[in-house]
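# A look at the structure
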Amino acid sequence: MMPASISPTTHPSSATDLQQGLTSAEARQRLQQHGPNVLATRGEDPIWLLLWRQIRSLTVLVLIAAAIFSWVMGDTAESLAIAAVVLINSFIGLWLEWQARISMAALHRLDVPQARVVRDAQQQTIPSPDLTLGDVILIEAGDVLPADAELQEARQLQVNESALTGESLPVAKQPGAAGTAGQPADTPTRHLYKGTAVVNGNGRAIITGIGMNTELGRIAQLVQTAGRSATPLEIKINHLARQLILLTLGMALLYLLIGLLQGREVVVMIKMAIVLAIAAIPEGLSIVATLALAHGMLRLARQHVIVKQLAAVETLGSTSVIFTDKTGTLTHNQIAVNTIWLPTGRAEISLAEDQPLTVGSGEEALLTSPQFKELLRVAISCNNAPYEPGKRPNPNVGDPVEIALNKLVYSSYLPEMSACPRLDEKAFTSETRLMATLHQQPDGRFYVAVKGAAEEVLAQCPYRWDAAGRQPLPETEKQEWVAHAELLAQAGLRTLGFASSVLSTHPGPDFVRELAWVGLIGFLDPPRLEVLPALQACREAGIRVIMVTGDHPATARTVAAKVGLVTNQEPLVMSGPALKPIDQLTSTEKNELYTCAIFARVSPAQKLDLISLYQQRGDIVGMTGDGVNDAPALRKADIGIAMGKRGTQVASEAADMVLQDDAFASIVAAIGQGRVIFANIRTFILYLTSCNLSEILLVTGVGLLHRSVPLLPLQILFLNMITDVFPALALAVGTGHPHLMRQAPRPPQLPLLTRPDWITGLLYAAALMLGPVVVYFYSWEVLRLSPAICNNILFYGMALGQLLHVFNFSADHRNFFRSEITRNRYIWMALGICFALFLASYYIITLRQLLGIQPFTPMIVGLIAAAGILPVLLVQLAYRVLALTPSSKPKTIASV
């Protein structure tokens, strides 16, 4: 029905010729006049608002409180220093958030939808934003309408308008039909709306509204102020931050109370308690995590994978089952006619560029027979790929199978053959598994052309085509043809059956009848050999790969064996017609399905059942898809994977990521990169946590046991400002270690830091604290150095230890000097910046005075080096001990 809230636009659509379209000059002029066809997005926050967001954070508010307290207590220099730290921290946060914004903007530019138009009397594919008023667009099942338009031509066109109306039933569309409010739902209308999905048929329309001047644009204006919800990863990070804050506040309060009970100076104890709280607050966790995600997504984009949502990255690394299509994913989708099988014989043919057909084996006379001529006629008639008689077909426009049929006609002895005017069409669907077209011949009779799955076409054929007139087709002969199709499928060919009929009167909408069987064509789609190592990588990563296809079971089995999906000679293949609904399966039947790696002749509803079956078992399921009927399964799966080359816009809209090269190897690369991204996030969080916890342990332990102030408030602030940013960023953008794809998928319900991670973090913190504390006490008690010098040794020793701590995070601890950490150039850049800043704190007089730095002798430098290197030696020694301990499980420092 035409919803009352939708009022069609009234741009004069008749001004554009349907066959000529706009000229390029007209399109440019209108585009300049009306602007691009894009929806206005919620305006990005200005820089001043981003800066204010940093200033109002919990960390900065605590720092401001500390600065005010110092000012009230008369310590102006310290107050100004803390204020400077506030500004520096805020600008660092601003820079990180700005970089994340730039990365996300670059990703959005890679995901621009395309539209088919007629311009300068030629069909063209252009970016959707370049559409303008008056453009003639070509639409078919699977397209998402790029603009509001008025329908001019249509064949069984149906559109799902639920995105605008909430009505789940498709709406029929016909030229000239003006819908009104209150009509029945099945009343056809001529108006098309941006953002709605074509689910059946095809047609031509003229654009009447673009961008914000569309129904979708008017709705978008109402929701531009809606806030963004937190992703699962952000929720986990925020939960972790709250845990750390509560822990730190408890430690700070304990430190304050014990210090006051010991009779220490109140002002100093309050300052230290405040700074101690600041020491462990993980400022910037969310921003650094977002930047790591965006950086990883850009890296994926360079590998032809567009991830559309940040939240999908975490799920990627946890994927345990992949349902993959066959065509174009496990094969090249470079389809060519390989075998022709007619009632008069069979021939394997060869198609070369601009060369006539040649027979590789079989009957050469077949290519000039009347039966072959009829086959060509059906092929060119029941075909939506554009073909100009006598001209080489365009390999980039149309379905690959239909392009292959056009190439067959072009290379035959009848390249000038053309189809009669088309009157009607029944589009291919997963239910009927055939396509049919109705044409009117010059003699006034009506010609019906049909192609589709052999068994489905044969079911509609009471006759066999013959030059002398159609002949009866008995059931036994039909079974022989089904066996022929099976034989071709076993050879790895994709098969289609062809049939036709000539009717004296117009048959009406139900024109698929009285068909005469013409023959079979087998199409060769070579398997992708690069899939073999990708499938092996999946096995090593604990990922199950399952083929789910609509093709013939024998074809599916042959391709699966060639690409190494199955290794046994007779793998189990489940056929769609034999699959029960999921709620009718017994436990035994479910277990049998779990062992199956190939599902053929599967319907869209059965794909949903298979996804549910594995999700109920606890698997994280990835699903590939390209058609409009795949959209529900792509949404149902934990990770929907759309094909960018051959996929429909509907599939791309429903998916979480899009493969621009349609290659299965790209899926595996995406999963690997997802694991790397998430591992990087966990690594830098563990790094920050262990560093901050080491400061808490040091300040509370030394401060309470030794009755001295081990580190000054400004020293802790300076230490955190440097070590919490640059090394953490470098760890967040690392390339990862190959071992990640030799581990089982990580369950997504696990927290960012598990119990072993917390134990590891505490042990890291103990090591980071122990080295400087040992040297500190040695300098104080044995060498009898001044308190100021001991403080400096502790400060720079902690700094050096935390910087070198990044090398403890390599995945393979057997080689300290050659790892993914040492190969990460960002690590060396971060260390260079940090060392330069610490050198500046010694040589710049103002900083020296603020931080209380004293002149150093070579012995002091040696003590600082010992304090910083000792923690790394302790951690590496622990790993060497673990490596010598017999165990079948991977070891971490938490095992100590």
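The preceding data block contains the structure.
Residues numbered from 1 in each chain as written. Predicted model: local features only at pLDDT ≥ 70, side-chain atom pairs only at ≥ 80, totals over all residues. Heavy atoms only, no water.

### As for the overall build of the protein chain
So the rule is basically this: Helix and strand assignments follow DSSP, with helices taken as H or I runs no shorter than four residues and strands as E runs no shorter than two, numbered in order from the N terminus. Using a 1.4 Å probe on the protein chains alone, a residue whose accessible area is under 20% of its type maximum counts as buried, one over 50% counts as exposed, and one in between counts as partly exposed. A contact between two residues is defined here by any heavy atoms of the two lying within 4.5 Å.
Along its length, the protein chain carries 28 helices and 25 strands. The 896 residues of the protein chain split such that 55% are buried. The contacts in the protein chain between residues at least 6 apart in sequence include a share of 71% that link residues at least 24 apart.

### As for the pattern of salt bridges
Our working definition: One side-chain nitrogen of Lys or Arg within 4 Å of one carboxyl oxygen of Asp or Glu is enough to make a salt bridge.
Taken as a whole, this structure holds 20 salt bridges when the rule is applied. When the shortest N-O distance is used, the salt bridge between Glu-589 and Lys-580 registers 2.8 Å. The partly exposed category is assigned to Glu-589, whose relative accessible area is 22%. Looking at Lys-580, the relative accessible area reads 41%, which means it is partly exposed. The network of salt bridges with common partners includes Arg-433, Glu-455, Glu-456 and Arg-601.

### Here we look at the nonpolar core
The condition that has to hold: Take the buried residues of types Ala, Val, Leu, Ile, Met, Phe, Trp, Tyr and Cys, join any two whose side-chain atoms come within 4.5 Å, and each joined set is a nonpolar core.
Formed by 122 residues in total, the largest nonpolar core has its most connected members in Val-307, Met-657, Phe-664, Phe-684, Leu-698, Phe-795 and Phe-838. Of all the elements, helix H21 (residues 664-705) adds the most residues to this core, at 17 residues. Sequence-distant contacts of Met-657, that is, excluding residues within four places in its chain, are made with Val-305, Ile-306, Val-307, Lys-308, Leu-316, Ile-639, Gly-640, Ile-641, Ala-642, Ile-667 and Ala-670.

### Looking at the packing of aromatic side chains
Spelled out, the test is: Only centres within 6.5 Å qualify two rings of Phe, Tyr or Trp (six-membered ring in Trp) as a pair; their planes then separate them into stacked at under 30 degrees, edge-to-face at over 60, and tilted for everything else. Cation placement over rings: the criterion is NZ of Lys or CZ of Arg within 6 Å of the ring centroid and within 35° of the ring normal.
According to the stated counting rule, one finds 16 aromatic pairs in the structure shown. Where Tyr-594 meets Tyr-614, the ring centres are 5.2 Å apart and the plane angle is 80 degrees; that geometry is what we call edge-to-face. Here Tyr-614 lies in helix H18 (residues 604-616) and Tyr-594 lies in helix H17 (residues 587-594), a separation of 20 residues in the sequence. Relative accessible area serves as the criterion here: at 15%, Tyr-594 is assigned to the buried category. You can call Tyr-614 buried: its relative accessible area is 0%. Stacked on the ring of Tyr-594, the Lys or Arg Arg-617 has its end atom at 4.3 Å from the ring centre.

### What about helix H16 (residues 553-563)?
Most of H16 is tucked away: eight of the 11 residues are buried. Within H16, the full set of buried residues consists of Pro-553, Ala-554, Thr-555, Ala-556, Thr-558, Val-559, Ala-560 and Val-563.

### Re the packing of helix H11 (residues 370-381) against helix H12 (residues 400-411)
Cut-off, in case you're wondering: Throughout, an axis means a line fitted to C-alpha atoms (over the contacting stretch in the case of helices), and angles, computed between N-to-C directions, take values from 0 to 180 degrees. Just so you know how the angles are binned, under 35 degrees is roughly parallel, over 145 roughly antiparallel, 65 to 115 roughly perpendicular, and the rest oblique. Crossing handedness: left-handed means the near helix sits turned counterclockwise from the far one by under a right angle, and right-handed means the same turn made clockwise. Residue polarity is assigned by list, with Asp, Glu, Lys and Arg as charged and Ala, Val, Leu, Ile, Met, Phe, Trp, Tyr, Cys and Pro as nonpolar; anything else, Gly included, falls into the polar class.
Between H11 and H12, whose axes approach to 9 Å, the crossing angle comes to 140 degrees. By the angle class used here, H11 and H12 are oblique. At the point where H11 passes H12, the crossing takes the left-handed sense. Together, Phe-372, Leu-376, Ala-379 and Ile-380 of H11 and Leu-405, Asn-406, Leu-408 and Val-409 of H12 make up the contact between the two elements. Taken together, the residues of the contact of H11 with H12 sort by class into seven nonpolar, one polar and no charged.

### Things to note about the sheet that holds strand E8 (residues 305-307)
The condition is simple: Strand pairing is defined by DSSP finding a minimum of two bridges between the two strands.
Spatially, eight strands are ordered E8-E25-E24-E23-E9-E20-E22-E21 in an open sheet, and the strand pairing comes out mixed. Each end of this open sheet is capped by a strand with a single partner; those strands are E8 and strand E21 (573-575). Neighbouring strand axes in the sheet, compared pairwise and without regard to direction, differ in orientation by 20 degrees on average. Here H16 sits on the sheet and contacts strand E20 (544-548), E21 and strand E22 (598-600); the angle it forms with E22, its principal contact strand, is near 150 degrees.

### Concerning the pairing of strand E11 (residues 345-350)
Every second residue of E11 is oriented toward a common face, the buried set being Gly-345, Ala-347 and Ile-349 and the non-buried set Arg-346, Glu-348 and Ser-350. Linking strand E10 (residues 336-342) to E11, which pair antiparallel, is a turn of two residues.

### Regarding the environment of Pro-343
With respect to the helices, strands and loops of the structure, Pro-343 is situated in the loop between E10 and E11. Note on Pro-343: relative accessible area 32%, which makes it partly exposed. Residues Pro-343 and Gln-371 lie 28 residues apart in sequence; the distance between their C-alpha atoms is 8.0 Å.

### Digging into the packing of helix H25 (residues 787-804) against helix H26 (residues 825-843)
The geometry of H25 relative to H26 is characterised by a closest axis approach of 11 Å and an angle of 175 degrees between their N-to-C directions. It follows from the interaxial angle that H25 and H26 lie roughly antiparallel. Residues Phe-795, Tyr-796, Ala-799, Leu-800 and Leu-803 of H25 pack against Leu-831, Cys-834, Phe-835, Phe-838, Ser-841 and Tyr-842 of H26. The residue makeup of the contact of H25 with H26, split by class, is 10 nonpolar, one polar and no charged.

### Considerations on the environment of Ala-491
The topology assignment puts Ala-491 in the loop between helix H14 (475-490) and strand E18 (493-503). In sequence terms Ala-491 and Arg-557 are 66 residues apart; their C-alpha atoms lie 9.7 Å from each other. Those residues in contact with Ala-491 that sit more than four places away from it in its chain are Thr-558 and Lys-562.

### So, the side chain of Ser-381
Among the secondary structure elements, Ser-381 is positioned in helix H11. In this structure, Ser-381 is in contact with Ala-419, Arg-422, Thr-437, His-439, Tyr-447 and Ala-449, ignoring residues within four places of it in sequence.

### A word on the pairing of strand E24 (residues 639-643)
Summarising burial for E24: five of the five residues are buried, a large majority. Along E24, one buried face is formed by Ile-639, Ile-641 and Met-643 and the opposite face, lined by Gly-640 and Ala-642, is buried too. Pairing of strand E23 (residues 621-625) with E24, which is carried by four bridges, proceeds in the parallel orientation. Across the sheet, residue Gly-622 finds its bridge partner in E24, namely Ile-639. Judged from the three bridges that link them, E24 and strand E25 (residues 657-659) form a sheet pairing that is parallel. Pairing of Met-643 across the sheet is with Leu-659, part of E25.

### Brief notes about the side chain of Gln-441
Along the chain, Gln-441 turns up in the loop between strand E14 (434-440) and strand E15 (446-452). The contact partners of Gln-441, leaving out residues within four places of it in the chain, are Arg-377, Cys-420, Tyr-447 and Val-502.

### Some words on unusual backbone geometry
For Ala-121, which is not a glycine, the phi torsion comes out positive at approximately 65 degrees. Among the structural elements, Ala-121 can be located in the loop between strand E1 (114-119) and strand E2 (122-127). Phi is positive for His-304, which is not a glycine, with a value near 70 degrees. By secondary structure assignment, the location of His-304 is in the loop between helix H9 (285-301) and E8. With a relative accessible area of 40%, His-304 lands in the partly exposed category.

### Concerning a nonpolar patch on the surface
Put simply, the rule is: Any residue with relative accessible area above 30% and no salt bridge may belong to a patch, with like charges joined within 9 Å and the nonpolar Val, Leu, Ile, Met, Phe, Trp and Tyr side chains within 5 Å. Shrake-Rupley sampling with a 1.4 Å probe provides the accessible areas, and residues are treated as covered by the protein chains on show and by no other component.
There is a patch of nonpolar side chains on the surface, built from Ile-68, Val-72 and Met-73 and spanning about 290 Å² of accessible area. Its place among the elements puts Val-72 in helix H3 (residues 58-72).

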